[in-house]
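# Residue-level structural notes
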Amino acid sequence: MQRTESAAGSSARARLDQPRTGRPGLITLPTYDPEAFGKLSERIARFLGTGRFIVWMTVVVLIWVIWNTLLPDTVHFDDYPFIFLTLMLSLQASYAAPLILLAQNRQDDRDRVNMEQDRARSDRNIADTEYLTREVAALRQGLGEVATRDFVRSELQSLLKELDERRDASEVL
């Protein structure tokens, strides 16, 4: 049972409502920053997908083969059939594949976030467009009931004519 030392120096039981942070005696694994590791894997995957990598890999393999075939036997370190070269290429491929997959997964996550943001932006645009459409329709209805300048002018002219007719009629009497 894990015990903790109190301020007075006496031994007390560990709190049961809090998880233990570490287990004594067990090997603790090193920690790493997943974001930094992901960025590194993306950089490596981006390099592995270039022509520069293929050229460098070809140069290394050619130097390896030339070193182990054309130079004197005393400096050969990997005789034909180049088993060590095959091992190195297999090792490189075994690391490259997971790093490329990790980079693709991170890109998929970014694409998913971008798609969700685009969808939300599109929904907001649709809502705004519908709101503006309703507002324009309300304005059109409101303008249909509003007196225009020409209507007011014609009404005033008809009132003036009517007043002139009444005045002419009262003068005649």
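## Some thoughts on the overall build of the chain
- Tallying secondary structure elements over the chain gives four helices and two strands in all.
- Secondary structure elements of the chain, listed N to C terminal, follow the sequence β-β-α-α-α-α.
- A total of 173 residues make up the chain; the buried ones form 10% of that total.
- Of the roughly 15,400 Å² of accessible surface on the chain, a fraction of 61% belongs to carbon and sulfur atoms.

## Regarding a nonpolar patch on the surface
- Residues Trp67, Leu71, Val75, Phe77, Phe84, Leu87, Met88, Leu91 and Tyr95 make up a contiguous nonpolar surface patch of about 840 Å² in total accessible area.
- Within the secondary structure, Leu91 sits in helix α3 (residues 83-145).
- A residue is classified by how much of its surface remains accessible, and Leu91, at 41% relative accessible area, is partly exposed.

## Describing the packing of helix α1 (residues 34-48) against α3
- Remark: α1 packs on α3, axes separated minimally by 8 Å, with the N-to-C direction vectors making an angle of 115 degrees. Considering their axes alone, α1 and α3 lie roughly perpendicular with respect to each other. In this structure, the crossing between α1 and α3 has a hand that is left-handed. Counted together, Pro34, Glu35, Phe37, Gly38, Lys39, Ser41, Glu42, Ile44, Ala45 and Leu48 of α1 and Gln92, Ala96, Leu99, Ile100, Leu102, Ala103, Arg106, Gln107 and Arg110 of α3 form the full contact between these two elements.
- When its residues are assigned to classes, the contact of α1 with α3 shows ten nonpolar, four polar and five charged.

## Digging into the confidence of the model for the chain
- In this model, the chain carries a mean pLDDT of 84, and residues with pLDDT of at least 70 account for 89%.
- Least confident of the elements in the chain is strand β1 (residues 3-5), whose mean pLDDT is 47; most confident is helix α2 (residues 51-70), at 92.
- Per-residue pLDDT stays below 50 along residues 1-9; that stretch engages in 15 contacts with residues further than four places along the chain or on separate chains.

## Observations regarding the pattern of salt bridges
- Tallying each qualifying case throughout the model produces eight salt bridges.
- A salt bridge links Arg106 to Glu35, with the shortest nitrogen-to-oxygen separation between them at 3.2 Å. A residue pair is termed long-range when its members are at least 10 positions apart, and Arg106 in helix α3 and Glu35 in helix α1 qualify at 71 residues.
- Using a relative accessible area of 16% as the deciding quantity, one classes Arg106 as buried.
- Residue Glu35 is classed as partly exposed on the basis of its relative accessible area, which comes to 42%.
- Two residues, Asp150 and Arg153, come together in a salt bridge whose shortest N-O distance is 3.8 Å. Separated by three residues within a single helix, Asp150 and Arg153 lie in helix α4 (residues 149-172), roughly one turn from each other.

## A few points about α1
- The first and last C-alpha atoms of α1 sit 21 Å apart over 15 residues, in line with the 21 Å expected at 1.5 Å per residue.
- Among all positions in α1, only Gly38, Ser41, Glu42, Ala45 and Leu48 are buried. The buried residues of α1 all sit within an arc of 125 degrees when viewed along its axis, so they share a single face. Away from its buried face by more than 90 degrees, α1 exposes Arg43 and Arg46.
- Packing partners of the buried residues in α1 comprise α2 and α3.

Basis of the calculations
- Residues numbered from 1 in each chain as written.
- Predicted model: local features only at pLDDT ≥ 70, side-chain atom pairs only at ≥ 80, totals over all residues.
- Heavy atoms only, no water.
- Helix = DSSP H or I, 4+ residues; strand = E, 2+ residues; numbered from the N terminus.
- Buried < 20%, exposed > 50% of the residue type's maximum accessible area, 1.4 Å probe, protein only.
- Areas by Shrake-Rupley, 256 points an atom, 1.4 Å probe, with all protein chains shown as cover.
- Patch = residues over 30% accessible without salt bridge, like charges linked within 9 Å, V, L, I, M, F, W, Y side chains within 5 Å.
- Salt bridge = Lys/Arg side-chain N within 4 Å of Asp/Glu carboxyl O.
- Axes fitted to C-alpha atoms, helices over the stretch in contact; angles between N-to-C directions.
- Parallel < 35°, antiparallel > 145°, perpendicular 65-115°, else oblique.
- Left-handed = near helix turned anticlockwise from the far one by under 90°.
- Contact = heavy atoms within 4.5 Å.
- Nonpolar A, V, L, I, M, F, W, Y, C, P; charged D, E, K, R; others polar.
- pLDDT = per-residue confidence, 0-100.
- Expected span 1.5 Å × (residues − 1).
- Arc of directions from axis to C-beta.

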